[in-house]
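# Chain and residue survey
Okay, here's what each chain looks like letter by letter:
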Amino acid sequence: MVTAKGVYNWCRRYISVTLILVLVFMGFVLFFNENSVMKGYELTHEIERLKAEIKENTDTMEYYQRQNELLRTDRETMERIVREQYHMQRDNEDVYVFID
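To keep things clear, this report deals only with the structure shown in the data block. Remember, it's a predicted structure, so these values are computed and weren't measured experimentally.

### Remarks on the overall build of the protein
- A tally of regular secondary structure across the protein gives four helices and zero strands.
- If you list the helices and strands of the protein from N to C, you get α-α-α-α.
- A burial count over the protein gives 4% of its 100 residues as buried.
- Working note: accessible area of the protein is about 9,900 Å², and carbon and sulfur atoms make up 60% of it.
- Once the 13 positive and 17 negative side-chain charges of the protein are each reduced to a mean point, those two points are 18 Å apart.

Here's what the structure looks like:
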């Protein structure tokens, strides 16, 4: 059975002011400091999100660069894109647009 006197003696023997100060300092550094563990965790997730966004934007940029190059070099591609996206037509034809 644990008594109050036994707990007091154990605390007096193993816990000192220095230990308490070190634990408080470690807690401050780990959780409440500007460079805390939680802040590092948040920044790591932010970095991963930004890397994914950069990759997505790079892929989109490469797609549009390829499209731009095709528009400059291939007349058939230019005509196809103009007809599909801008609903343009020749003088002698009718265009029907179906919207789902």
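Once you've had a look at it, read on.
### A word on the side chain of Thr77
- Position of Thr77 relative to the elements: it lies in helix H4 (residues 75–86).
- When near neighbours in sequence (up to four residues on either side) are disregarded, Thr77 contacts Leu70 and Leu71.

### Focus: a nonpolar patch on the surface
- A cluster of nonpolar side chains, namely Val22, Phe25, Met26, Phe28, Val29, Leu30, Phe31, Phe32, Val37 and Met38, defines an oily patch on the protein surface of about 990 Å² accessible area.
- Counting residues per element, the ones that place at least two in the nonpolar patch are helix H2 (17–32) and helix H3 (37–73).
- At eight residues, the largest contribution of residues to the nonpolar patch is made by H2.
- With respect to the element layout, Met26 can be found in helix H2.

### Regarding the pattern of salt bridges
- Overall, the coordinates contain six salt bridges when judged by the stated rule.
- Between Glu53 and Arg49 there is a salt bridge; the shortest N-O distance is 3.2 Å. Of this pair, Glu53 and Arg49 both sit in helix H3, four residues apart, roughly one helical turn.
- Overall, the relative accessible area of 38% leaves Glu53 in the partly exposed class.
- When the shortest N-O distance is used, the salt bridge between Arg83 and Glu79 registers 3.1 Å. Within this pair, Arg83 and its partner Glu79 are both found in helix H4, separated by four residues, close to a single helical turn.
- Look at Glu79 and you get partly exposed, because its relative accessible area is 29%.
- Here the residues in one salt-bridge network are Glu46, Arg49 and Glu53, joined through shared partners.

### So, the packing of aromatic side chains
- Summed over the entire model, instances satisfying the criterion amount to two aromatic pairs.
- Here Trp10 and Tyr14 contribute two aromatic rings whose centre-to-centre distance is 5.4 Å and whose plane-to-plane angle is 45°, an arrangement assigned as tilted. With Trp10 and Tyr14 both in helix H1 (residues 4–14) and four residues apart, this pair spans about one turn of that helix.
- A ring pair is formed by Tyr63 and Tyr64, whose centres lie 5.1 Å apart and whose planes are at 70°; its orientation type is edge-to-face.
- Residue class for Tyr63 comes out partly exposed when judged on its relative accessible area of 38%.

Parameters at a glance
Residues numbered from 1 in each chain as written. Predicted model: local features only at pLDDT ≥ 70, side-chain atom pairs only at ≥ 80, totals over all residues. Heavy atoms only, no water. Helix = DSSP H or I, 4+ residues; strand = E, 2+ residues; numbered from the N terminus. Buried < 20%, exposed > 50% of the residue type's maximum accessible area, 1.4 Å probe, protein only. Areas by Shrake-Rupley, 256 points an atom, 1.4 Å probe, with all protein chains shown as cover. Lys, Arg positive; Asp, Glu negative; His and termini not counted. Charge placed at Lys NZ, Arg CZ, Asp CG, Glu CD. Contact = heavy atoms within 4.5 Å. Patch = residues over 30% accessible without salt bridge, like charges linked within 9 Å, V, L, I, M, F, W, Y side chains within 5 Å. Salt bridge = Lys/Arg side-chain N within 4 Å of Asp/Glu carboxyl O. Phe/Tyr/Trp six-rings, centres within 6.5 Å; stacked < 30°, edge-to-face > 60°.

In short, shape yes, function no, at least from these values alone.
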